[in-house]
Each structure stands twice: as structure tokens, then as C-alpha cells.
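Now for the letters of each chain:
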Amino acid sequence: MGRVAPDILEEIKERIDIVQLVSQYLPLKRAGRNFKALCPFHVEKTPSFTVSPEKQFFHCFGCGASGDIFQFLMRMENITFPEAMEKLAEQAGVEIPKGREEEGDGERNRLYYLHKVATDYFHQALLSPPGQKARELVLSRGIGSSAWETFQLGYAPDSWDRLRDVLKAKGFTAAEMLSVGLLGEREGGRDPYVKFRHRLMIPIWDSKGRVVAFGGRALDPNQEPKYLNSPEHLLFKKGEILYPFHMARKAVRDMGYVLLVEGYMDAITCHLRGFPNALAALGTALTPSQARKVARLSREVVLAYDGDDAGRKAALRAASVLFQVGVVPRVVLLPPGEDPDSFLRNRGQGTFASLVEGAEDVVLWYMAELESLHSLSHPRERARWLKEVLGFLAPLKGSLDLESYLVEVASKTGVTLEGLKREIYGGGKGKVGKTSRAIMGSWEMLYLALALSNPRWWRVFKGEVLEDAFVHSLWEKVKGEDDPSLALSMLDDKERSLLVAKVMEIPEEGVEDLFASCHRRAERKALEREARRLKMNMEGVSGDEREHLLARYIEIMKSIKGTGEEGVYETH
Ligand SMILES: [Zn+2]
């Protein structure tokens, strides 16, 4: 997403009270300093959903849902952060200045328009006589004419110049067409040529439903390559797009999960046959950016990849990328030689639905798969099995899911839980101890949690001094964000829940002092770190330079003394 001025977010938060916002959706009852209701995010009989007017956070002590007004609206309406911001800004009467992206960016707007003109041109061609082969192909795939409209399918005529002339007549330059890969350059300065010829054209949308690229599928068996796709350009970053995001979003909300498939043809078939929650990552390995998009839509993800070896490997890779955003997907196992597209067409929606229903937890599936390669009854094989499983689980470090899988691994191998943790967190007991202590609450955890509750504190927060591996990993996820609301939205549900729960339990009167005390401690750590650095630098130098470093070193040591040790809040 584009940069949002943090003061806009602050202004929205100042004007919209979380109690008032939540009341628009649920009946809140006062309970002491807080308000309570039955949680809208899980089924419960006694209210554990709590809203704090002081902290301006909500937190469910049942399911862990938590956050500020932005997270509440995102979750309630299943929308993205920018969308939640737009809605709340409107409610608050705060105007969002048009970013560089929207205003005065003639270049981007021209390229959007160029893609629209090309889409219409291809679509008309599909309906015209030369489009016959393309029509036959889609019909043979069970894609009827109403879907041609929905997916804006098209046909690129077998011509080296027609598209170029059409776009030129609309005022676009050859340079623009070249920049988005619709034209290719010819040697000797001759006119550039049209790249997509005699192909079925599939427009690729960005998350707002604007066409930013094309996939072109060959129509003749000897045509190379079989799939020709737009190259990346100003509007098109392949690794950020999920196809068709703007169509699937609502269905994901209704159905409660994302069905992740490999290619756009799979996605189209799924949408037409009862799975409008399908999304495809454009035939490449899932990227972290796509994984974050998926995670924001839903924490429930089912992977339906090809049934062959390559498909299984791709599913495992996707899973490990999803792990990094805290999602543990389930997997549908298609028979070898089938993909969701062929399976749905050959075996029907009901059969596919029951496969999805029975989708397996990816970790349990992987462990079982590996067991067929490495028998657990032989010590050496067992060690190899263990090594691979722990490697696979490594991206889940610091998450609560990991704990439960390790219990499973322990029971299968007879290795103790402590031993497995040592293995995964690499090295000494210390680190494991630190992590579990972090979950219980170190001062660093508290420091981060408090900073996330107040934009003023967030601005001065010194994340670089964090030493605790777990807290540091949280900081890594949020450190680029200018505002705590944005930062909170970068964390997964469990992580956010840990932090918000921490803030909720501190009485309002004490928070200022508490933050100040944590902050002093962080400043002191920063100074100590600087002092260590200077000392090391002094080793190798002499003369004036050494004098200079020494003077600074002494100055820093004085400041450290000045910060004192008093009043530091300890939770362990
Ligand atoms: Zn709940």
C-alpha cells in the first residue's frame, strides 16, 4: 500500500471512539472500566470480548481477537487496512489527501487506460469471426459465454501491427506500449511489433479490479511459448498480485477460507463451479507479499495444487511462506495428473467439495509423507525425518502453533519437547528460555506493547536495542511503519493478541510512568551499545582519531551514569 501520513491516522483515532464504533455492530455493556459483549469473532455464551475506552483497544479473552479501531473494522467487514482507513476517515470527517499515486500521476493513469483499451479490443476480437479458435478453447474448458464477460476474456488477433495502430489512434505512444510489454522492439529501428498474437487473452487485475497485465495462452499446438505473460512494469508487480482478488474477497468472507490454486485457469474454473473464494498466484511461487494479502483476508487457507510431484513441492513451498505470516494452511491432495481445473470439470463440484472438506493440516500431511520415505523405526532414518520436519517447521518459530506440532513430533520420535525446542531455536537453553519468558512478559515485550498503544510513544520507540529473539522478530515485522495502527496490522492475530492483552491489563494511571521507565532502560541500552562500538573502534586506531573516539566514549559513559538504574519496571 502507499504511504499514509501518520498524522491522518492519528487524527482518525482521535475523532473515533472505539466504544462508539463497536456499538455500531454489537450491544456493549459496561463492566467496570471496560465494556463487554459476546464476541463477534467466535461462538461463546458468556462475554469475553472486551473494549477499553482508555486504551482504545478491543481484546477477546476467548479467541484472542484484538486491536484498535482499524483492526476491528478490517475484521468485522473483512476489508484491507486502506479500505478500513477510508471508511473511518469518512466517518470521522477527515480528508485523506490524494497520494502521489492518485493525483497528478498522469503516467500511471494513462497506463491503466491503455490496459482498458487493450482489454476491450481483445474482448471484441474474441466475439468476432477470427476469435473462433479462442472461443472453442474456452468452451472446451467449460467456460461459457457469460464467463467471457465476467473475466473479460479476449483474443489477440494474428497481426503484427493492429493493436499498435488501435492504441496509437487513441493517443498512446510506442514507448508506452513497449513499457508494458504489449510491443516488442525490432532491430534496425523499425517499427516495434505486437507481441501477443493469436492467443487467448486473460486480463490480470490489481486488487482494485483494474487491468494491469495480460496472460496470453497459445492456441496452436506448435506455438511457443504456451503461456506468454506481460513483463513487470510500473503498474504490474507479479509477486504482489493474486488473481482475481477483487472478485474473491467477498466470497472469502462468506465461505470463511481462501482456496489457493496455482494458475489463473484453475482460478477461473473454481469461480465458475462453486468456489468463488479461489485465488491464484499467477503461476509463480507464492511470495511473502501475496501471503500477507491472503492472511489479511482469512487465516483459514486451503491449498489446492496440482496432484503431481511438482505440485506437491510447490504446495510445501507455499506453506512455508504462509508460515511466516502465521498461517498454517490445509492441503487438498488431488490425484496425480489432475489440477483443480481438470478435476472440477471431470469429477464435478461435489467431489471437489468433499476433498476440500477433508483437506489435511499441511504439517501433519508432510510428516506422514516423510514417514513413507524415512521409516521411524530405524534410528538413522528417524534422525533424517526429524531433521527435515524441524527444518520445515522453522518458519513457525515464536508461534504458539509450533508448540503443538512439537508435541506431536515428540510423541512420534521419543525426543523430549525441550530437546526439540533447543534444536529449533538453535543452540543453548538460554534462547528457548528467553522466548517462553517473552511470551510470559519481559520488559521488552511490555515496552513494545506500550509503544503500539500510543503514536507519541511509537515515534520515540527504540526497537534496535531489543535483545529478546521473539520480541525482536515482532519488531522486524513492524519497524517500517509510521503509525502504530499500521504496525499492528502487520502482525498476525496471535502476536497482536499477546501485545494487546499486555496493554489491557495495565491500569491506565500507571501507563505513562511505565512507558517512561521502559524507555529509559532502552535509551541506556542504546548508549551501552554505542559505547561498546566505540571501544571496539578504538582498538585499531591511534593519534587524533583515537582521542576523538575516546572523548565521545567518556561522554557516553557519563550519560549512562546519568540514566541511573532506578525505577526500572521488572516483570521477571
Ligand atoms: Zn472471541
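See the structure printed just above.
All residue numbers refer to positions counted from 1 along the written sequence of the respective chain. Totals for whole chains, interfaces and linings use every residue, but because this is a predicted model, local features are given only for residues with pLDDT of at least 70 and side-chain atom pairs only at 80 or more, for both listing and counting. Just so you know, side-chain values use all the structure's heavy atoms and leave hydrogens and water out.

Visitor: It is not clear to me how the coordination of the zinc ion should be interpreted in this structure. Could you clarify?
Guide: Six octahedrally arranged donors around a metal ideally form angles of 90 or 180 degrees; four tetrahedrally arranged donors ideally form angles of 109.5 degrees. The protein atoms donating to the zinc ion are C39 (SG), H42 (ND1), C60 (SG) and C63 (SG), with metal-donor distances spanning 2.1 to 2.3 Å. Metal coordination here is assigned from N, O and S atoms located within 2.8 Å of the ion, or within 3.2 Å for Na, K and Ca; omission of water means that sites may look incomplete. In short, tetrahedral needs four donors with all angles between 85 and 135 degrees, square planar needs four and octahedral six donors with opposite donors over 155 degrees apart and all other angles between 65 and 115, and whatever is left is irregular. In this structure, the zinc ion is coordinated by four donor atoms arranged in tetrahedral fashion, with angles at the metal of 102 to 118°. Of note, the zinc ion draws all its donor residues from one chain, in the sequence arrangement C-x2-H-x17-C-x2-C.

Visitor: I would appreciate a short explanation of the sheet that holds strand β1 (residues 29-31) in the present structure.
Guide: Two orientations exist for strands paired in a sheet by backbone hydrogen bonds: parallel and antiparallel. Only strands that DSSP links by at least two bridges are regarded as paired with each other. We count a stretch as a helix when DSSP gives it H or I for four or more residues in a row; a strand needs E for two or more, and each element gets its number in order from the N terminus. The sheet built from five strands is open, its strands ordered β1-β2-β3-β4-β5 with antiparallel pairing. Pairing within the sheet leaves two strands with one partner each, and these edge strands are β1 and β5 (66-67). The sheet contact formed by strand β2 (residues 34-37) and strand β3 (residues 49-52) spans three bridges and is antiparallel. Of the residues in β3, the one forming a bridge with A37 is F49. Any two residues whose heavy atoms approach within 4.5 Å at even a single point are treated as in contact. A fitted line through C-alpha atoms represents every axis, and for helices the fit uses only the stretch in contact; the resulting angles, taken between N-to-C directions, go from 0 to 180 degrees. Sheet strands touched by helix α24 (residues 493-504): β3, β4 (57-60) and β5. Its angle to β4, the strand with the most contacts, is close to 110°.

Visitor: How should I be thinking about the layout of surface pockets in this particular structure?
Guide: With a probe scaled to a water molecule rolled over the atoms, the places where space remains empty come into view. Lining residues are those with an atom within 4 Å of a point, where the points come from a 1 Å grid over the protein atoms alone and group into cavities, where a 1.4 Å probe fits but cannot get out, or pockets, open sets with protein on both sides within 12 Å along at least five of seven lines. Grid points are joined across faces, edges and corners, and a volume is the space filled by probe spheres set on the points. Its volume calculated, the second largest pocket comes out at about 1,200 Å³. The wall of the second largest pocket is formed by 47 residues, among which R299, V325, L491, D492 and D493 lie closest to the centre. Those elements that place two or more of their residues in the lining of the second largest pocket are α3 (69-77), α10 (245-255), α12 (288-297), α13 (309-324), α19 (429-441), α22 (469-478), α23 (484-490) and α24. The greatest single-element share of the lining of the second largest pocket, amounting to six residues, is contributed by α22. When grouped by side-chain class, the residues that make up the lining of the second largest pocket number 21 nonpolar, 11 polar and 15 charged. Three residue categories are used. Nonpolar comprises Ala, Val, Leu, Ile, Met, Phe, Trp, Tyr, Cys and Pro, charged comprises Asp, Glu, Lys and Arg, and polar comprises the others, including Gly.

Visitor: Please explain the packing of aromatic side chains as it appears in this structure.
Guide: Any pair of Phe, Tyr and Trp rings, taking the six-membered ring for Trp, is counted once the centres come within 6.5 Å. Such a pair is stacked with planes under 30 degrees apart, edge-to-face with planes over 60 apart, and tilted for the rest. Enumeration according to the criterion identifies 26 aromatic pairs in this entry. Plain terms: the ring middles of F70 and F81 are 5.1 Å apart, the flat faces sit at 25° to each other, and that makes the pair stacked. Remark: F81 occurs in helix α4 (residues 81-92) and F70 occurs in helix α3; sequence separation between them is 11 residues. With respect to burial, F70 and F81 carry one shared label: buried. Remark: exposure states derive from per-residue accessible area (1.4 Å probe, protein chains only) relative to the maximum for the residue type, with buried under 20%, exposed over 50%, and partly exposed in between.

Visitor: Help me out: how do you make sense of the pairing of β2 in this one?
Guide: On a regular strand, one side chain projects to one face of the sheet and the next to the other, so that they alternate. Side chains F35 and A37 of β2 all project onto a buried face; the interleaved residues N34 and K36 project onto a face where none is buried. Judged from the three bridges that link them, β1 and β2 form a sheet pairing that is antiparallel. Paired with K29 across the bridge in β2 is K36. A loop of two residues connects β1 with β2, the two strands running antiparallel in sequence, and G32 in this loop sits at a positive phi of about 65°.

Visitor: Which parts of the structure should I look at to understand unusual backbone geometry?
Guide: Among all residues except glycine, the phi angle is most often negative; among peptide bonds, the trans geometry is most common. Going from E224 to P225, the amide bond is cis rather than trans, its omega being -15°. The step from Y243 to P244 runs through a cis peptide bond, and the omega angle for that step is -15°. With respect to the helices and strands, P244 occurs in the loop between β11 (227-229) and α10. At H198, a position not held by glycine, the phi torsion is positive, near 50°. You can see H198 is positioned in the loop between β8 (193-194) and β9 (199-205).

Visitor: Help me understand the packing of helix α1 (residues 6-15) against α4, please; the structure alone is not making it clear to me.
Guide: The geometry of a pair of packed helices is captured by two quantities: the angle between their axes and the separation between those axes. Between α1 and α4, the shortest axis-to-axis distance is 10 Å and the interhelical angle comes to 55°. By the angle between their axes, α1 is oblique relative to α4. For α1 against α4, the interelement crossing comes out left-handed. When α1 is examined against α4, the residues L9, I12 and R15 are found in contact with a partner set consisting of F81, M85, L88, A89 and A92. Residue composition of the contact of α1 with α4, by class: seven nonpolar, no polar and one charged. Roughly parallel here means an angle under 35 degrees, roughly antiparallel means over 145, roughly perpendicular means 65 to 115, and every remaining angle is called oblique. For any pair of crossing helices, the crossing counts as left-handed if the nearer helix is rotated counterclockwise from the farther one by less than a right angle, and right-handed if it is rotated clockwise.

Visitor: It is not clear to me how empty space enclosed by the protein should be interpreted in this structure. Could you clarify?
Guide: Taken as a whole and judged by the stated rule, the model has two cavities of 30 Å³ or more. Here the largest cavity defines a volume of roughly 60 Å³. Surrounding the largest cavity, L303, Y305, D306, G311, R312, A315, V331, V332, L333, L334 and W365 form its lining. Broken down by element, the lining of the largest cavity gets its largest block of residues, three residues, from α13. The residue makeup of the lining of the largest cavity, split by class, is eight nonpolar, one polar and two charged.

Visitor: Honestly, the pairing of β9 in this entry has me stumped. Any pointers?
Guide: Burial runs high along β9: seven of the seven residues are buried. Across three bridges, the pairing between strand β6 (residues 154-156) and β9 is antiparallel. Bridge pairing in β9 places A156 opposite R199. Where β9 lies against strand β10 (residues 211-218), seven bridges are found, and the strand directions are antiparallel.

Visitor: What is the right way to read the pattern of salt bridges from this model?
Guide: Where charged atoms of side chains with opposite charge meet at close range, the side chains can pair. For salt bridges, the criterion is a side-chain nitrogen of Lys or Arg within 4 Å of an Asp or Glu carboxyl oxygen. In the structure shown here, the tally under the stated rule is 32 salt bridges. D220 is the partner of K133 in a salt bridge, and the nearest nitrogen-oxygen pair spans 2.8 Å. Taken together, the residues K133 in helix α6 (residues 132-140) and D220 in the loop between β10 and β11 connect sequence positions 87 residues apart. Judged by relative accessible area, K133 falls into the partly exposed class, the value being 39%. R552 is the partner of E530 in a salt bridge, and the nearest nitrogen-oxygen pair spans 2.7 Å. You can see E530 sitting in helix α25 (residues 511-539) and its partner R552 sitting in helix α26 (residues 543-563), a full 22 residues away along the chain. Through salt bridges with shared partners, a single ionic network connects R75, R299, D493 and R496.

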